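What follows is each chain in one-letter form.
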Amino acid sequence: MNRSCIKVLKKKGEPIRRLLLEMDLLDNSARISSKEDYLLLPLTRKPEEVELKELPGEFELTEHEFEEQKGQLKFEELLDVIPHFEIVGDIALIEDDVAEPEKVADAIMKVKKNVKTVLAAQSPVEGEFRTRRFRTVAGEERTSTIHKEYGSRFYIDLERAYFTPRLATERSRILDQVKEGETVVDMFAGVGPYSIMFARKSPNIRVIAIDKNPYAVEFLRHNVELNSVPNVEAIEGDANLEAEKYAGIADHVIMNLPHNANDFLDAAVKLCATNGIIHYYDITPEDDLFESSLKLIDEAAKRAGRTTELVESRVVRSYAPHQFNVCIEVRVL
Ligand code: SAM
């Protein structure tokens, strides 16, 4: 089996192996191999630039033909259909309408040795705080865990605050745009996945992280400690009201509240310094991916006597049939 892999001197391999495992990047279905003085560590996928920066010491990203790891159970051996699930920390999330959830949960725990709990969603993402209800199908009875993403760690209770690992790549895209010395306002910060990532990039990046959900802010504060990022100011409050206090300071405004972000556009414009960029997320239909949302942003800028310049608009992921999660980035002049 051909895999992307990390080639590292044997004596330097262990810390990298452990980190790859933590980042869910080590492919356990392939057998770690060696060549002369080097260890070849098989990967589940090609890592992002930011992930590579997390790995200590010197190494090479290359490809190699690996042998299959014997004794490693596969879903095909346990189930007729490979299940859809998402992993947050050591918790696997399945949908409640899956057939035979107990059997699926049991298979997940056998194949994914890191998983300690399998939860089935009992509700869609709902309410102002965008949370879900779950029931435990297998393993430990809990909804809290620590999730690792690109070297950051997030404590999260999934029933009390929103979190999805599906935006990890999207977050790293925005991270590339945030520069030394800049100020970011994360209007709907949740437990801090965007905010903490920016703050870890440099202590000279100031992050104002706002959320209305008291639990989310409690976890956010915990995560600020966990990741040693005192340059994040965690604020419990309504983004529309808090924006008044921080008018004109933001080089970047993150608006990750798809469905409702348009209710906060006047506040986002107000937050922007000259040339500040609004990163606006929305859920839109395929026949109007960007047009209507762009118009709303332009109108908000006009109301404040300002103009805009489109930086980029892109589809982040598919959300539902014919509906997409999009990101529109607009510079406010
Ligand atoms: N950015 C985080 C992430 O990527 O995990 C959280 C995104 S979640 C879709 C939206 C967040 O907005 C929730 O944590 C919710 O509590 C928060 N929220 C909803 N209404 C708000 C408001 N008026 N002011 C501030 N935060 C709000």
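Residues numbered from 1 in each chain as written. Predicted model: local features only at pLDDT ≥ 70, side-chain atom pairs only at ≥ 80, totals over all residues. Heavy atoms only, no water.

Colleague: Just give me the short version of the site of the ligand, but keep the residues and values in it.
Modeller: Of all residues adjacent to the ligand, which total 20 residues, the nearest are Glu128, Phe188, Asp211, Ala239 and Asn256. Arg171 has a polar side-chain atom sitting 3.4 Å from an oxygen atom of the ligand. In this structure, Phe188 approaches the ligand through a main-chain N or O atom, which is 2.8 Å from a nitrogen atom. A total of 590 Å² of accessible area belongs to the ligand in isolation, and the protein chains cover 98% of it. Within the shell around the ligand, the residues separate by chemical class into 10 nonpolar, 4 polar and 6 charged. (Near = heavy atom within 4 Å. Polar contact = N/O pair within 3.5 Å; in protein donor to acceptor, adjacent residues only side chain to side chain. Areas by Shrake-Rupley, 256 points an atom, 1.4 Å probe, with all protein chains shown as cover. Nonpolar A, V, L, I, M, F, W, Y, C, P; charged D, E, K, R; others polar.)

Colleague: I'd love a proper account of the UniProt feature "domain: SAM-dependent methyltransferase TRM5/TYW2-type" (unreviewed entry) in the chain, names of residues and values included.
Modeller: Within the UniProt annotation, "domain: SAM-dependent methyltransferase TRM5/TYW2-type" (unreviewed entry) is assigned to residues 85-333. Across residues 85-333, the secondary structure splits into 27% helix and 36% strand, with the terminal C-alpha atoms separated by 43 Å. (UniProt positions renumbered as here; feature names shortened; annotations may be inferred. Helix = DSSP H or I, 4+ residues; strand = E, 2+ residues; numbered from the N terminus.)

Colleague: Describe the packing of aromatic side chains, naming the residues involved and giving the relevant values.
Modeller: According to the stated counting rule, one finds 7 aromatic pairs in the structure shown. Each member of the aromatic cluster is reached from another via a ring pair, and the members are Tyr155, Tyr215 and Phe219. Directly above the ring of Tyr38 sits Lys7, whose terminal nitrogen or CZ lies 4.8 Å from the centroid. Over the face of the ring belonging to Tyr194 we find Arg171, whose NZ or CZ atom lies 5.5 Å from the ring centre. (Phe/Tyr/Trp six-rings, centres within 6.5 Å; stacked < 30°, edge-to-face > 60°. Lys NZ or Arg CZ within 6 Å of the ring centre and 35° of its normal.)

Colleague: Run through the sheet that holds strand β1 (residues 2-9), naming residues and quoting values.
Modeller: Read across the open sheet, the 4 strands follow the order β2-β3-β1-β4; overall the sheet is antiparallel. Two strands in the sheet have a free side with no partner beyond their single neighbour: β2 (33-35) and β4 (60-65). Recorded for the sheet is a direction-independent mean angle of 40 degrees between the axes of neighbouring strands. Bridge analysis of β2 against strand β3 (residues 38-42) gives 3 bridges, and the strand direction is antiparallel. Opposite Ser33, over in β3, you have Leu40 as the bridge partner. (Pairing = 2+ DSSP bridges. Axes fitted to C-alpha atoms, helices over the stretch in contact; angles between N-to-C directions.)

Colleague: Lay out the side chain of Ser202 in plain terms, naming residues and giving numbers.
Modeller: With respect to the helices and strands, Ser202 occurs in the loop between α6 (193-201) and β12 (206-211). In this structure the side chain of Ser202 is engaged in a polar contact, spanning 3.0 Å, whose partner is the side chain of Glu180. Every residue in contact with Ser202, bar those within four places of it in the chain, is listed here: Glu180 and Asn231. (Contact = heavy atoms within 4.5 Å.)

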